[in-house]
Amino acid sequence: MVGDWWSLLLIRETARGRHRFDALQEELGISRKVLTERLTHLVETGVLEKVPYQDRPVRHEYRLTERGRGLLPVLLSMQDWADRWVFGDGSLTGTADEGSAEARRVAALAGERLPHLTLPGHRDGTPVDPVAAGAATVLFCYPATGAPSPLPDNWSDIPGTIGCTLENRLFGEAYEDFRAAGAEVHGVSTQRTDEQRVFAVSEGLPFTLLSDVDLHLAAALRLPTFRAGQLLRLKRAVLVVDRDRVVRHARFPVADIPAAVAEALAQVRRLADGD
C-alpha cells in the first residue's frame, strides 16, 4: 500500500500541512500524472481522504485518515535512522552538531506554518492546540523526565538527555515573564500524559505539558528524534510560534538551557513590540 516512495513522501507532506494538489506538486516536483495516480491510490486504500474546500468548481484537499496517521511513527523511524546512520556517524545521541542535517532542518522551520493539530494535555488528556491564542507560543521539546517512570538504562550516557527537569523548572520560573509578554508556554515530549501529569504536579508547573506520543507534531515539523528504551524521543529544541502559526524562532541544538530560555523570552518580547 505504501511501498512506492512517492506514496511515503505524500504522507510526509500531508502531515506537514500541504493538502492541495498544486502545493504537493510544487513541493515534490512530481508530474501531475504520477501525482494523480498516487493520490488516487492512497485514497482508495484509506490512507488519505478527499475533503472538499470549494464548491464552484468542486475542489478537494487530501488529508490523512486515522489509518494514515498510524503511519507517522514509520516515517519518523525512517527519518531517525537516516539522521543517525546516513547523515550522522552512527552514534546514539539526543543532540546534534550545529552544522548537522538535523540542525539545518530545524533552522529552516523559521517562516514555516505549523498545520492545525491537537495534542493531549497532561491535566486530563483533553486535546490542546499547541498554538495558543496569544501573541506567541513557546514550544520547548525535551526527551523525557525521570519521574514517575524510570528512564532507560545508561540514559545519562546519551549526549543531550540530561537537563529535562531543569528546563521545565526554568521555563516555570520565567512563566510570568512570558505571560506578561503575551505568550503561552508548552513543554512537549513523547511521554504519556499520565507520566507527564505526575511530573507536572510534583514540580508545580504552571503551564501545560503536551504529549506527542503519536508523533503528530514531530511529523508535522520533522523534528529531530532519537530512539532509547524502544521509544522515539524528541531531541531538545525550542520554537517560538506567532498567533498565525508561523515559526518565528527555532533553536536546535540546545547546548545551554538557561540561555535558550532567555533567548526565547527575548524573541517573545520582540514579537510583542511588533518586530
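So, how was this worked out
- Position numbers for residues start from 1 in each chain and track the written sequence from start to end.
- Confidence filtering applies because this is a predicted model: local features only for residues at pLDDT of at least 70, side-chain atom pairs given and counted only at 80 or more, and all residues used for totals across whole chains, interfaces and linings.
- Side-chain measures here rest on the full set of heavy atoms in the structure, leaving out hydrogens and waters.
- The secondary structure listing takes helices from DSSP runs of H or I that are at least 4 residues long and strands from runs of E that are at least 2 residues long, numbered from the N terminus.
- Two things to know: the radius of gyration comes from C-alpha atoms, and the globule rule equals 2.2 Å times the number of residues to the power 0.38.
- Three exposure classes are used, based on accessible area relative to the maximum for each residue type with a 1.4 Å probe and protein chains only: buried under 20%, partly exposed in between, and exposed over 50%.
- Salt bridges are identified by distance alone: a Lys or Arg side-chain nitrogen within 4 Å of an Asp or Glu carboxyl oxygen.

A. Fine view of the overall build of the protein. A tally of helices and strands in the protein yields 11 helices and 11 strands. Taking 2.2 N^0.38 as the reference for a compact globule, 275 residues should give roughly 19 Å; the C-alpha atoms of the protein span a radius of gyration of 19 Å, in line with that estimate. Counting only C-alpha atoms, the protein reaches 55 × 45 × 35 Å along its principal axes. Relative to its 275 residues, the protein shows a buried fraction of 49%.

B. A look at unusual backbone geometry. A cis amide bond links Arg56 with the next residue in sequence, Pro57, at an omega value of -5 degrees. Looking at the element boundaries, Pro57 is found in the loop between strand 1 (48-54) and strand 2 (59-64). At the junction of Phe252 and Pro253, the peptide bond is cis and its omega measures out at 0 degrees in the coordinates. Looking at where Pro253 falls in the secondary structure, it is placed in the loop between strand 11 (247-251) and helix 11 (257-272). Positive phi values are uncommon outside glycine, yet Leu215 reaches one of about 65 degrees. Within the secondary structure layout, Leu215 lies in the loop between strand 7 (208-211) and helix 10 (216-221). Overall, Leu215 belongs to the buried group, its relative accessible area being 5%. In this structure, Gln230 is a non-glycine residue whose phi angle is positive, near 65 degrees. When you line up the elements, Gln230 lands in the loop between strand 8 (225-228) and strand 9 (231-234).

C. View of the pattern of salt bridges. Counted according to the given criterion, the structure contains 22 salt bridges. The partner of Arg38 in a salt bridge is Glu37, and the shortest N-O contact between them spans 3.5 Å. We classify Glu37 as partly exposed; its relative accessible area is 37%. Between Glu61 and Arg63 there is a salt bridge, with the nearest N and O atoms lying 2.9 Å from each other. Classification of Arg63 by relative accessible area gives partly exposed; the value is 32%. Ionic contacts of the salt-bridge type, sharing partners, join the residues Arg12, Glu13, Arg16, Arg18, Glu27 and Glu112 into one network.

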